[in-house]
Amino acid sequence: MPRFSRLRVAGLPMHIIQRGNNRQPCFFTDEDHQFFLHHLGELARRFQCEPHAYVLMTNHMHLLLTSDLEEGASLLMKFLGQRYVQYVNRTYKRSGTLWEGRFRSSLVQSQHYVLACYRYIEMNPVRANMVKHPGDYPWSSYAANAEGKRHAWLTPHGEYLALGSTDRKRQQAYRNLFATQLDRELLREIRVSTHGGYALGDNRFREEIEHTLKRRATPRGPGRPRDF
């Protein structure tokens with residue numbers, strides 16, 4: 001099967017998923033999460049990436065970011081993955097791969113879809129029945145986006161900033177978004193787009209991406225997505 005090039009456009013948000021090999025755990029202790037997040041922040045600055053939302057699950061991670069560099073997200077994930085694998089292999093005296101090949105990703109249309117991706121990412125622990133509320137899970141960006149907990153390298157997207165005129169108003173409006181579940185069709189769109197490497201947005205957005213990059217950015221038909 002041919003390996004298609006990743007959709008990349010500088011300045012557009014990207015939803016990223018990196019999964020553990022064979023769906024095996026890749027985060028084991030608090031120290032593992034802290035190491036990963038520390039180097040995520042460091043490398044995000046190095047490669048001009050602005051992370052907006054994230055969650056570290058037991059066997060995979062989600063990240064929403066925007067980069068000023070076309071290759072920024074790929075470079076970030078390459079160096080972050082290498083550093084973390086070296087750390088895990090050294091710490092747990094293991095060898096071999098940790099990740100399930102290349103990370104999955106989709107370009108995200110800002111209007112309507114960016115905040116949906118915020119919610120999709122931060123609700124992962126709830127959908128996995130790990131916690132009752134996203135605020136109960138310590139390894140996501142929810143505390144920063146919804147409760148104002150200081151986060152050195154997290155950068156609010158413009159759609160988040162538009163939620164209110166002050167930090168307090170934005171946080172309240174953001175918390176209100178979690179009062180309802182994401183629409184099932186929107187969940188499916190996010191999963192299909194990210195797993196398949198397509199653009200997440202309306203038809204016009206996808207057509208613009210296809211025209212710019214000269215490659216398919218739209219799923220061919222109603223496939224059955226994996227449950228991320």
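Everything here concerns the structure above.
What the protein contains, in helices and strands, is 9 helices and 4 strands. Ordering the α and β elements of the protein from the N terminus gives β-α-β-β-α-β-α-α-α-α-α-α-α. Compactness check: the protein gives a C-alpha radius of gyration of 17 Å against a globular reference of 17 Å for 228 residues, within 12% of the reference. In terms of overall dimensions, the protein has a C-alpha envelope of 50 × 45 × 35 Å along the principal axes. Looking at the protein as a whole, 49% of its 228 residues are labelled buried. Sequence separation of 24 or more characterises 73% of the internal contacts of the protein that already satisfy a separation of 6 or more. Total accessible area on the protein stands at roughly 12,000 Å², and carbon and sulfur atoms take up 48% of it.

The next point concerns the side chain of Arg170. Among the structural elements, Arg170 can be located in helix H7 (residues 167–177). Note on Arg170: relative accessible area 12%, which makes it buried. If sequence neighbours within four positions are ignored, Arg170 has contacts with Tyr160, Leu161, Leu163, Gly164 and Ser165.

Let's shift gears to the layout of surface pockets. It is a probe the size of a water molecule, rolled over the atoms, that shows where empty space is left. By volume, the second largest pocket amounts to about 330 Å³. Leu37, Tyr54, Pro138, Lys149 and His151 are, among the 20 residues lining the second largest pocket, the residues nearest its centre. Listing elements by their share of the lining of the second largest pocket, those giving two or more residues are helix H1 (30–46) and helix H5 (142–147). At 6 residues, H1 tops the list of elements feeding residues into the lining of the second largest pocket. Here the lining of the second largest pocket is built from residues that sort into 10 nonpolar, 6 polar and 4 charged.

A rise of 1.5 Å per residue sets the reference length of helix H2 (residues 72–91), with its 20 residues, at 28 Å; its end C-alpha atoms lie 28 Å apart and thus fit the reference within 8%. Burial in H2 covers these residues: Gly72, Ala73, Ser74, Leu76, Met77, Leu80, Gly81, Tyr84, Val85, Tyr87, Val88 and Asn89. Just downstream of H2, Lys93 is the residue with a positive phi angle, here 50 degrees.

Analysis parameters
- Residue positions are counted from 1 within each chain, in the order its sequence is given.
- With the structure being a predicted model, the display of local features is reserved for residues of pLDDT at least 70 and the display and counting of side-chain atom pairs for 80 or more, all residues being used for whole-chain, interface and lining totals.
- No hydrogens and no water enter the side-chain calculation; it runs on all heavy atoms of the structure.
- Under the DSSP-based scheme used, a helix requires at least four consecutive residues in state H or I and a strand at least two consecutive residues in state E, with every element numbered from the N terminus.
- Note that the radius of gyration is over C-alpha atoms, with the globule rule given as 2.2 Å times the number of residues to the power 0.38.
- Only protein chains enter the accessibility calculation, which uses a 1.4 Å probe; a residue whose area is less than 20% of its type maximum is buried, one above 50% is exposed, and one in between is partly exposed.
- Whether two residues touch is decided by their heavy atoms; if any such pair falls within 4.5 Å, the residues are in contact.
- The protein chains shown are the only cover counted for residues, whose accessible areas, like all others here, come from Shrake-Rupley with a 1.4 Å probe.
- Cavities and pockets are defined on a 1 Å grid built over the protein atoms alone: a cavity is a set of grid points where a 1.4 Å probe fits but cannot escape, while a pocket is an open set with protein on both sides within 12 Å along at least five of seven lines, and lining residues are those with an atom within 4 Å of any such point.
- Grid points are joined across faces, edges and corners, and a volume is the space filled by probe spheres set on the points.
- Three classes are used: nonpolar for Ala, Val, Leu, Ile, Met, Phe, Trp, Tyr, Cys and Pro, charged for Asp, Glu, Lys and Arg, and polar for all others, with Gly counted as polar.
- Multiplying one less than the number of residues by 1.5 Å gives the expected span of a helix.

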